[in-house]
Amino acid sequence: MAYITYQQYVNLYGNSPITEAEFPVYAELASDMIDTITQNRLLQGDGLASLPAFVQTRVEKAAAAQVLYFTQNGLEAVLSGQTGQSFTVGKVSVSGGTLANGNAKAGSLLISPLAVALLEQTGLMYRGVDVCSDQVRRFF
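Residues numbered from 1 in each chain as written. Predicted model: local features only at pLDDT ≥ 70, side-chain atom pairs only at ≥ 80, totals over all residues. Heavy atoms only, no water.

On the secondary structure map, R127 appears in the segment after α6 (113-120). Residue R127 is classed as partly exposed on the basis of its relative accessible area of 48%. Residues R127 and Q39, spaced 88 residues apart in sequence, show a C-alpha to C-alpha distance of 8.9 Å. When residues no more than four places from it in sequence are discounted, the contact partners of R127 are I37, T38, Q39 and R41. (Helix = DSSP H or I, 4+ residues; strand = E, 2+ residues; numbered from the N terminus. Buried < 20%, exposed > 50% of the residue type's maximum accessible area, 1.4 Å probe, protein only. Contact = heavy atoms within 4.5 Å.)

In structure tokens:
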């Protein structure tokens, strides 16, 4: 199930470059990417609705940012990692770009930097190990 609806997306970013009929594909893939980078914590727990409102809002905004990232960079290019290194049209020449960065890991090209920044605020991306002596328990 997607973490963002078309109406929520439009409320955040205005008119969408994709239609409402196309949106569910983008939203589902964006939600899958969020599940991947959060180590499926939302799926393993009681779901998004069981989390505090602050976390719910950040996850929804991260999903919207991921959909926007897919629309701006091209869904096929992002998912396959295959982009043109450069091209020329008339007198204009374009080289490289974010997806053409040879130094980036393939997985990092799939994720919107804004989505990562939003999710980092929630604790869902925590990679450490909880121990019995932890004073504060996390909500997931």
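Its identity is not glycine, yet Q39 carries a phi of approximately 55°, on the positive side. A relative accessible area of 40% places Q39 in the partly exposed class. One non-glycine residue with positive phi stands out, namely N40, at about 60°. Note that N40 resides in the loop between α2 (23-37) and α3 (41-44). In this structure N40 comes out as partly exposed when scored by relative accessible area, which is 32%.

Across soluble globular proteins, nonpolar side chains show a tendency to be buried alongside one another. Core analysis: the biggest nonpolar cluster contains 31 residues, and I4, L42, V59 and V67 have the highest contact counts within it. Mapped onto this core, the elements with two or more residues apiece are α2, α4 (53-73) and α6. Take this core: its biggest share by element is eight residues, from α4. Excluding residues that lie within four positions of it along the chain, V59 makes contacts with Y3, I34, L42, L48, L119 and L124. (Core = buried A, V, L, I, M, F, W, Y, C linked by side-chain atoms within 4.5 Å.)

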